[in-house]
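# Coordinate analysis (summary)
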Amino acid sequence: MDKHYDYLIVGCGLFGAVFAHEAKQAGKSVLLLEKRGHIGGNIYTETVEGIDVHRYGAHIFHTSSKRVWAYVNRFSEFNNFVNSPIANFHGEIYNMPFNMNTFSKMFGVATPAEAREVIESQRAEIAGEPKNLEEQAIKLVGREVYTKLVKGYTEKQWGRDCASLPAFIIRRLPVRYTYDNNYFNDPYQGIPVGGYTALVEKLLEGCEVRLHTDFFDDRAGFSALADKVLYTGMIDAYYDYVYGALGYRSLRFETETLDCDNYQGVAVVNYTAREVPYTRVIEHKHFAFGTQPKTVVTREYPADWAPGLEPYYPINDAENNALYAKYAALAEREQNVLFGGRLAQYKYYDMDKCVEAALALCEKEL
């Protein structure tokens, strides 16, 4: 006869792992089910040629919360990596986020006042309320920055022209009038030494995990194993798409090991021209200041989501948010099922916000 648990956790990503750890600490028994062959969800890292490779794209931990930073540092030491990506537009290299290094190279200016004057003059072409993403972006950063660094990248990400995307997708674009290439404003930032998989392993110490196990293969049977279920998968799938499928964007990754020690000189290069089919190239060793003789690079290709593909980004437009609200109303009526994480809450979570949300649920539940 199968053992009975206090909690069945569906999905072994960051949200599920934090909840599992806290439940275990509170004396609860937990069983985690994961349909993939590994723990960690999309923050999973694997070692290739001595390099921690981010299997599902770049994950840089950053937060303004002392509490969250202290929490994750209990499970891993973090290095002092600072995210300073660059953009490549037809071979022209620009610093990101948009700052004085960007403007100096693009406009030939040296001072914040000069940069501001150029951008203000270009922004003026959009009068009144922006009608689409293109107009919104030009109103924020001017025509030249938009054309070289926003337009192609955004169109690849969404699979549509900027002129046909709603303005609200880009409510703001970070513009700094300082020579500062640090992408994030958060005071705490870094990558776990030894990779994210090691961090998740620590979270899950003493917990029972079943890999290659799909909850939906025996939903009733698995649910009966525990008093409560924490579900971190797609909320529309949980309800058999009764109201229809929510919209997502997906990604495809091409990873290769190269026989050189330094391919691009930085962890992340955004390719902002529409003609280049991938949005960015990640060179994993630079996340950990690696000096290995070889290197591993990953090209990231945006894709339309379809069943069988991984849903990476919820399309939080008005139509999808209204649809999610209907599923959320069903979820609220559940007695013994909890919903949490990016897919169950149809929300793009940075990792710190994911940890924060998981801890909030623990406080309420445990």
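Let me begin by describing the structure that accompanies this report. (Residues numbered from 1 in each chain as written. Predicted model: local features only at pLDDT ≥ 70, side-chain atom pairs only at ≥ 80, totals over all residues. Heavy atoms only, no water.)

Attention now goes to the overall build of the protein chain. Helix and strand counts for the protein chain stand at 11 helices and 16 strands. Radius of gyration (C-alpha) of the protein chain: 22 Å, near the 21 Å computed for a compact globule of 366 residues. Across its three principal axes, the protein chain shows a C-alpha extent of roughly 75 × 50 × 35 Å. Counting across all 366 residues of the protein chain, residues that qualify as buried make up 55%. (Helix = DSSP H or I, 4+ residues; strand = E, 2+ residues; numbered from the N terminus. Rg over C-alpha atoms; globule rule 2.2 N^0.38 Å. Buried < 20%, exposed > 50% of the residue type's maximum accessible area, 1.4 Å probe, protein only.)

Close contact between helix H3 (residues 100-107) and helix H4 (residues 112-123) brings their axes to 10 Å; oriented N to C, the two are set at 70°. When the interaxial angle is binned, H3 and H4 end up roughly perpendicular. Relative to H4, H3 is oriented so that their crossing is left-handed. Between H3 and H4, the contacting residues are Met100, Phe103 and Phe107 on the first element and Pro112, Ala115, Val118, Ile119 and Gln122 on the second. When grouped by side-chain class, the residues that make up the contact of H3 with H4 number 7 nonpolar, 1 polar and no charged. (Axes fitted to C-alpha atoms, helices over the stretch in contact; angles between N-to-C directions. Parallel < 35°, antiparallel > 145°, perpendicular 65-115°, else oblique. Left-handed = near helix turned anticlockwise from the far one by under 90°. Contact = heavy atoms within 4.5 Å. Nonpolar A, V, L, I, M, F, W, Y, C, P; charged D, E, K, R; others polar.)

Now for the sheet that holds strand S12 (residues 268-271). The mixed open sheet is built from 7 strands, whose spatial order is S7-S6-S12-S13-S14-S11-S15. Only two strands of the sheet have a single neighbouring strand rather than two, namely strand S7 (92-95) and strand S15 (313-314). By the bridge criterion, 3 bridges tie strand S6 (residues 86-89) to S12 in an arrangement that is parallel. When the bridges of S12 are listed, Ala87 appears paired with Asn270. (Pairing = 2+ DSSP bridges.)

The residue Lys28 is located in the loop between helix H1 (14-25) and strand S2 (30-33) in this model. Overall, Lys28 belongs to the partly exposed group, its relative accessible area being 32%. Sequence separation between Lys28 and Tyr7 is 21 residues; the distance between their C-alpha atoms is 7.5 Å. Look past the residues within four positions of Lys28 in its chain and what remains in contact with it is Asp6, Tyr7, Ala23 and Leu366.

As enumerated under the stated definition, the model contains 20 salt bridges in all. Linking Lys228 and Glu365 is a salt bridge whose minimum nitrogen-to-oxygen distance equals 2.7 Å. Separated by 137 residues along the polypeptide, Lys228 in strand S10 (residues 226-231) and Glu365 in helix H11 (residues 351-365) bring together distant segments of the chain. A single network of salt bridges, built from pairs that share partners, joins Lys151, Glu155, Asp161 and Arg274. (Salt bridge = Lys/Arg side-chain N within 4 Å of Asp/Glu carboxyl O.)

Among the secondary structure elements, Asn270 is positioned in strand S12. Contacts of Asn270, omitting those with residues within four sequence positions, involve Ile86, Ala87, Asn88, Met96, Tyr153, Thr279 and Arg280.

This paragraph deals with the pairing of strand S13 (residues 280-283). Here S13 shows two buried faces, one formed by Arg280 and Ile282 and the other by Val281 and Glu283. Sheet topology places S12 next to S13; 3 bridges connect them, and they run antiparallel. From the neighbouring strand, Val268 faces S13, where its bridge partner is Ile282. Inspection of the sheet shows S13 paired to strand S14 (residues 295-304) by 4 bridges, in the antiparallel sense. Looking across to S14, one finds that Ile282 is bridged to Thr298.

Here we come to unusual backbone geometry. In this structure, the amide linkage connecting Met96 to the following residue, Pro97, adopts the cis form with an omega of -5°. Unlike most non-glycine residues, Asp240 shows phi in positive territory, near 55°. Inspection of the secondary structure puts Asp240 in the loop between helix H9 (235-238) and strand S11 (248-258). For Asp240, a relative accessible area of 59% translates into the label exposed. A positive phi angle is found at Tyr241, which is not glycine, with a value near 55°. One can find Tyr241 in the loop between H9 and S11. Overall, the relative accessible area of 36% leaves Tyr241 in the partly exposed class.

Considering all chains together, one arrives at 29 aromatic pairs under this definition. Judged by centre distance (4.9 Å) and plane angle (55°), the ring pair of Tyr231 and Tyr238 falls under tilted. Here Tyr231 and Tyr238 have matching classes, each one buried. When the centroid spacing of 6.1 Å and the interplanar angle of 25° are considered together, the rings of Tyr239 and Phe339 count as stacked. Taken together, the residues Tyr239 in the loop between H9 and S11 and Phe339 in strand S16 (residues 337-339) connect sequence positions 100 residues apart. (Phe/Tyr/Trp six-rings, centres within 6.5 Å; stacked < 30°, edge-to-face > 60°.)

Treat this as a map of the structure, not an account of what it does.
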